[in-house]
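# A closer look at the structure
Here are the chains, one letter per residue:
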Amino acid sequence: MKLSLGPLQYFWPRERALAFYSAVRDWPVDVVYLGEVVCPKRRELRLDDWLEIAGWLADSGKEVVLSSLTLLEAGSELGTLRKLCRNGRFTVEANDMAAVAILADAGLPFVGGPTLNVYNSRTLEVLAKAGMQRWVLPFELSRTTAADLIAAAPAQCPCEVFAWGRLPLAWSARCYTARAEDLPKDHCDLACLADPDGRLMRTREDAPFLVLNGIQTQSALTQDLLPWMDELRAAGVAVLRLSPQSEQMAEVVAHFDAARRKSPAPAELEALERLAPVGTCDGYWRGEAGFTREATPGSH
Amino acid sequence: MELLCPAGNLPSLRAAVDAGADSVYLGFRDATNARHFAGLNFSDQDIVRGVRYAHDHRCKVLVALNTYPQPAGWAQWTRAVDRAAELGVDALILADTGLLDYAAERWPELERHLSVQASATNPEAIRLYHRLFGITRAVLPRVLSVRQVTQVAAQSPVPVEAFGFGSLCVMVEGRCLLSSYLTGRSPNTYGACSPGSHVRWQETPRGLESRLNGVLIDRYERGEKAAYPTLCKGRFQVGEHTYYALEEPSSLNSIELLPELYRAGVAAIKVEGRQRSPAYVAQVTAVMRAAIDACKADPDRFQPTAAWQKALAAVSEGTQTTLGAYHRSWQ
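What counts, and where the lines are drawn
- Residues numbered from 1 in each chain as written.
- Chains lettered and ligands numbered in written order.
- Predicted model: local features only at pLDDT ≥ 70, side-chain atom pairs only at ≥ 80, totals over all residues.
- Heavy atoms only, no water.
- Helix = DSSP H or I, 4+ residues; strand = E, 2+ residues; numbered from the N terminus.
- Rg over C-alpha atoms; globule rule 2.2 N^0.38 Å.
- Buried < 20%, exposed > 50% of the residue type's maximum accessible area, 1.4 Å probe, protein only.
- Contact = heavy atoms within 4.5 Å.
- Areas by Shrake-Rupley, 256 points an atom, 1.4 Å probe, with all protein chains shown as cover.
- Lys, Arg positive; Asp, Glu negative; His and termini not counted.
- Charge placed at Lys NZ, Arg CZ, Asp CG, Glu CD.
- Buried area = accessible area lost by both parts, 1.4 Å probe.
- Salt bridge = Lys/Arg side-chain N within 4 Å of Asp/Glu carboxyl O.
- 1 Å grid on protein atoms, 1.4 Å probe; cavity = no way out; pocket = protein on both sides within 12 Å on 5 of 7 lines; lining within 4 Å.
- Points joined across faces, edges and corners; volume = space filled by probe spheres on them.
- Nonpolar A, V, L, I, M, F, W, Y, C, P; charged D, E, K, R; others polar.
- Pairing = 2+ DSSP bridges.
- Axes fitted to C-alpha atoms, helices over the stretch in contact; angles between N-to-C directions.
- Polar contact = N/O pair within 3.5 Å; in protein donor to acceptor, adjacent residues only side chain to side chain.
- Phe/Tyr/Trp six-rings, centres within 6.5 Å; stacked < 30°, edge-to-face > 60°.
- Lys NZ or Arg CZ within 6 Å of the ring centre and 35° of its normal.
- Core = buried A, V, L, I, M, F, W, Y, C linked by side-chain atoms within 4.5 Å.
- pLDDT = per-residue confidence, 0-100.

The number of helices and strands found in chain A is 10 helices and 12 strands. Here chain A has a C-alpha radius of gyration of 18 Å; the compact-globule value for 300 residues is 19 Å, and the two agree. Across its three principal directions, the C-alpha atoms of chain A cover 50 × 50 × 35 Å. Looking at chain A as a whole, 61% of its 300 residues are labelled buried. Pairs at least 24 residues apart make up 68% of the contacts formed inside chain A by residues separated by at least 6 positions. For chain A, the accessible surface area stands at approximately 10500 Å², while carbon and sulfur atoms represent 49% of it. Taking the average location of the 32 positive side-chain charges in chain A and that of its 39 negative ones, the two points are 3 Å from each other.

This brings us to the overall build of chain B. Scanning chain B for helices and strands turns up 11 helices and 15 strands. Relative to the 2.2 N^0.38 estimate, which gives 20 Å for 331 residues, the radius of gyration of chain B is 19 Å and therefore close to what a compact globule would have. With the principal axes as the frame, chain B shows a C-alpha extent of 60 × 55 × 40 Å. Looking at the 331 residues of chain B, the share that counts as buried comes to 64%. Taking the intrachain contacts of chain B between residues at least 6 apart in sequence as the baseline, contacts between residues at least 24 apart amount to 63%. Of the roughly 12100 Å² of accessible surface on chain B, a fraction of 48% belongs to carbon and sulfur atoms.

With 66 residues of chain B in contact, the opposing surface of chain A contributes 65 residues. Buried area between chain B and chain A, both sides added, is near 5600 Å², and the carbon and sulfur share of it is 55%. Summed over the three residues of chain B that lose the most area to chain A, namely Arg175(B), Tyr181(B) and Gln237(B), the buried surface amounts to 16% of that side. Our enumeration of links across chain B and chain A arrives at 11 salt bridges. A salt bridge links Asp218(B) to Arg204(A); the nearest nitrogen and oxygen atoms lie 2.9 Å apart.

A word on empty space enclosed by the protein. Residues and elements named next belong to chain A. If you walk through the whole model with that rule in mind, you get eight cavities of 30 Å³ or more. By volume, the largest cavity is sized at about 110 Å³. Contributing to the lining of the largest cavity are 15 residues, with Pro7, Gln9, Pro114, Phe139 and Arg241 lying nearest its centre. Partitioned by chemical class, the residues of the lining of the largest cavity number seven nonpolar, six polar and two charged.

This part is about the sheet that holds strand E8 (residues 199-204) of chain B. Residue and element names in this part refer to chain B. Taken in spatial order, the three strands of this open sheet run E8-E9-E10, and their pairing is antiparallel. Every interior strand has two partners, whereas the edge strands, E8 and strand E10 (215-220), have only one. Ignoring strand direction, the axes of neighbouring strands in this sheet form an average angle of 25°. Two strands pair when backbone bridges link them, and E8 and strand E9 (residues 207-212) are joined in this way by six bridges, in the antiparallel orientation.

All right, on to the side chain of Ser210(B) then. Residues and elements named next belong to chain B. Relative to the helices and strands, serine 210 is located in strand E9. Take serine 210: its relative accessible area is 0%, and that puts it in the buried class. Those residues within four positions of serine 210 in sequence are excluded, and the remaining contacts are Arg200, Trp201, Val215, Leu216, Ile217, Asp218, Tyr220 and Pro229.

Attention shifts here to helix H5 (residues 121-130) of chain A. Residues and elements named next belong to chain A. Of all 10 residues in H5, seven are buried; the element is thus mostly enclosed. Taken residue by residue, H5 has Ser121, Arg122, Thr123, Leu124, Val126, Leu127 and Ala130 as its buried positions. Put simply, asparagine 120 is the residue that caps the front of H5, since its side-chain oxygen is 3.3 Å from the backbone nitrogen of arginine 122. Glycine 131 sits one or two residues past H5 and shows a positive phi near 125°.

What follows deals with the packing of aromatic side chains. Under the defined criterion, the tally for this structure stands at 13 aromatic pairs over all chains. Taking 5.1 Å as the distance between ring centres and 80° as the angle between the ring planes, the aromatic pair formed by Trp12(A) and Phe20(A) counts as edge-to-face. Per residue, the accessibility class of Trp12(A) equals that of Phe20(A), and both read buried. A ring pair is formed by Phe302(B) and Trp308(B), whose centres lie 6.0 Å apart and whose planes are at 25°; its orientation type is stacked. Trp308(B) shares its class with Phe302(B); the two are buried. Members of the aromatic cluster, connected to one another through ring pairs, are Trp12(A), Phe20(A), Tyr21(A), Trp27(A) and Trp50(A). Against the face of Tyr53(B) rests Arg14(B), its NZ or CZ located 5.8 Å from the ring centre.

Quick look at the side chain of Thr70(A) now. Note on placement: Thr70(A) falls in the loop between strand E3 (63-67) and helix H3 (75-85). Looking at Thr70(A), the relative accessible area reads 2%, which means it is buried. Polar side-chain contacts of Thr70(A) include one of 3.0 Å to the backbone oxygen of Val37(A). When near neighbours in sequence (up to four residues on either side) are disregarded, Thr70(A) contacts Val37(A), Asn95(A), Asp96(A), Thr115(A), Trp171(A) and Arg175(B).

So, about the nonpolar core. By size, the foremost hydrophobic cluster in this structure holds 210 residues, and its most contacted members are Tyr21(A), Leu34(A), Trp135(A), Phe256(A) and Leu92(B). When residues in this core are grouped by element, the largest group, nine residues, is from strand E7 (residues 159-171) of chain A. With sequence-adjacent residues up to four places away left out, Tyr21(A) is seen in contact with Leu5(A), Leu8(A), Val32(A), Tyr33(A), Leu34(A), Trp50(A), Ile53(A), Trp56(A) and Leu57(A). Counting six residues, the second-largest nonpolar core is a separate cluster that includes Leu4(B), Tyr25(B), Leu62(B) and Ile93(B).

Working definition: two side chains of opposite charge can pair if their charged atoms are close together. Counting across every chain of the model gives 50 salt bridges over all chains. Salt-bridge contacts for Arg174(A) lead to Glu247(B); the nearest nitrogen and oxygen are separated by 2.9 Å. With Arg174(A) in the loop between E7 and helix H7 (176-180) and Glu247(B) in the loop between strand E12 (241-243) and strand E13 (251-253), the pair connects residues from two separate chains. Judged on exposure class, the residue Arg174(A) and its partner Glu247(B) are both buried. In this structure, Glu272(B) and Arg35(B) form a salt bridge, with 2.8 Å as the shortest nitrogen-oxygen distance. A residue pair is termed long-range when its members are at least 10 positions apart, and Glu272(B) in the loop between strand E14 (268-271) and helix H10 (278-297) and Arg35(B) in the loop between strand E2 (23-26) and helix H2 (44-56) qualify at 237 residues. Of the two residues, Glu272(B) and Arg35(B), neither departs from the other in class, the shared state being buried.

Time to look at the confidence of the model for chain B. For chain B, the average pLDDT comes to 96, and 99% of its residues sit at 70 or higher. Across the predicted assembly, pTM comes out at 0.97 and ipTM at 0.97.

Structure follows, in structure tokens:
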């Protein structure tokens with residue numbers, strides 16, 4: 001199985017992002033997704049900067065994919081998307097049907113992002129015909145559906161699964177980080193720049209619930225599928241996606257890399273769990289509520 | 001500009017038709033549509049009766065098949081497409097790419113509308129669905145400002161439909177997994193958000209608590225009006241503050257924007273609320289009918305009347321209304 005580093009969901013200061021990707025060159029990941037997927041107002045890195053990073057990573061032997069914005073509202077955002085799609089060198093991850101439209105018109109292959117909603121084989125066929133060469137399992141789908149989809153997938157269209165990270169659960173026109181600061185979105189002061197892993201939202205009895213990340217809402221718990229490596233492999237999953245977090249991401253990658261060679265022992269599973277900001281979950285993979293966690297991970 | 005109204009059952013369908021809807025939309029009694037609630041929706045026989053009643057009154061009937069089938073459910077969903085076509089409805093409202101492909105191939109003459117659940121917020125996405133599946137209409141997600149609606153309507157290859165009144169989704173429809181994160185059931189997979197099967201109300205010394213699959217969504221002091229625990233409309237803590245972190249319990253009411261939507265070329269105004277009562281449907285349809293007629297007669301001098309606003313406020317969720325994303329300040 002290959003490992004991929006998913007697109008950065010948060011807004012990091014330019015220097016932090018550059019330092020992060022500079023280190024990625026030496027990490028044992030096969031694929032790196034780059035680019036802004038959440039908010040068009042986040043411009044610490046622009047397309048040219050992302051292309052430069054893409055160049056370094058490609059030179060280090062990584063497969064680089066440029067990820068497109070997920071929610072497109074203004075005409076200007078479509079202009080940026082067209083430039084991204086016509087970058088002339090790197091494959092694009094389409095996170096909205098607008099990207100599929102542009103890429104299919106240009107005859108360019110693409111990766112189908114998790115928000116293209118590939119829930120059944122017929123959808124997979126239609127998108128493969130349009131140029132999709134890999135697809136990310138929608139976050140809420142189970143191992144049963146994943147196995148069914150993979151078994152019926154067209155040749156040369158492998159599946160990628162979100163194996164580590166806070167789950168992107170929703171997108172909105174409203175910016176919840178600005179709302180938390182009592183600021184209107186049009187004058188948000190780029191408040192999310194202060195939240196390198198998003199901003200925690202708790203229930204009124206103090207249980208971590210969700211994370212506010214600008215216009216995106218994430219799970220507070222980190223989805224961790226390391227205990228299910230054998231199942232992922234048996235289902236035919238080709239790529240495991242690890243979503244960047246601000247601290248100890250190199251260690252997260254190392255755990256998954258080690259598990260590619262040897263099934264992780266319980267102590268290793270626990271060591272990885274401790275790297276999550278507030279705890280882990282794996283319910284979606286098991287066909288249950290996403291926030292739940294198997295009582296004895298890895299016991300299968 | 002037409003008026004499209006919800007029908008959760010036959011009495012609601014008749015109420016909408018009688019109050020002046022140009023079209024009604026409905027669903028089967030299963031997870032193939034996004035209002036999969038106990039006691040709601042239509043049997044095949046109900047649809048035959050509903051279609052007859054609507055067509056006798058020159059009203060169209062649209063069937064919503066706007067959830068996302070997985071391999072295990074594929075045959076059920078395609079059968080639902082076939083049933084709707086055989087029952088003589090006027091159009092299907094579809095979200096899933098595979099199901100759109102099936103319907104376009106199997107029933108090419110039956111109109112296909114792109115559901116709001118397909119998350120098509122921009123003209124490029126609509127263009128793709130038009131090219132691949134010949135859609136004849138696209139329903140816009142409730143995340144665009146009026147200015148953005150105008151831009152999309154101008155560039156879309158097909159007429160667009162916008163929401164006028166009803167419960168407000170604050171997230172892009174079709175991409176919101178909050179409900180399945182907590183309950184395992186989402187609008188995409190199951191046709192329901194924050195399903196009643198997982199709701200618990202509890203009187204406690206701290207107040208009345210609403211929970212969804214055990215997770216506290218809100219707590220009410222004595223005298224506070226309690227709202228259904230839709231999980232994006234509860235009160236939560238961020239830092240030191242406890243507030244409606246995502247959205248207050250409120251309904252969308254865009255009646256004052258009708259002239260702008262009309263000038264933008266919006267083809268139909270959609271009312272949400274298949275889960276609501278026939279009385280709600282009758283009330284909202286009558287007000288929206290009068291408002292759209294007044295707007296079309298003289299858009300420049302259109303003013304919502306106090307009586308309309310009062311009637312709509314009375315049937316709103318949490319009895320509050322908002323312009324939602326149509327107005328930039330909400331965002």
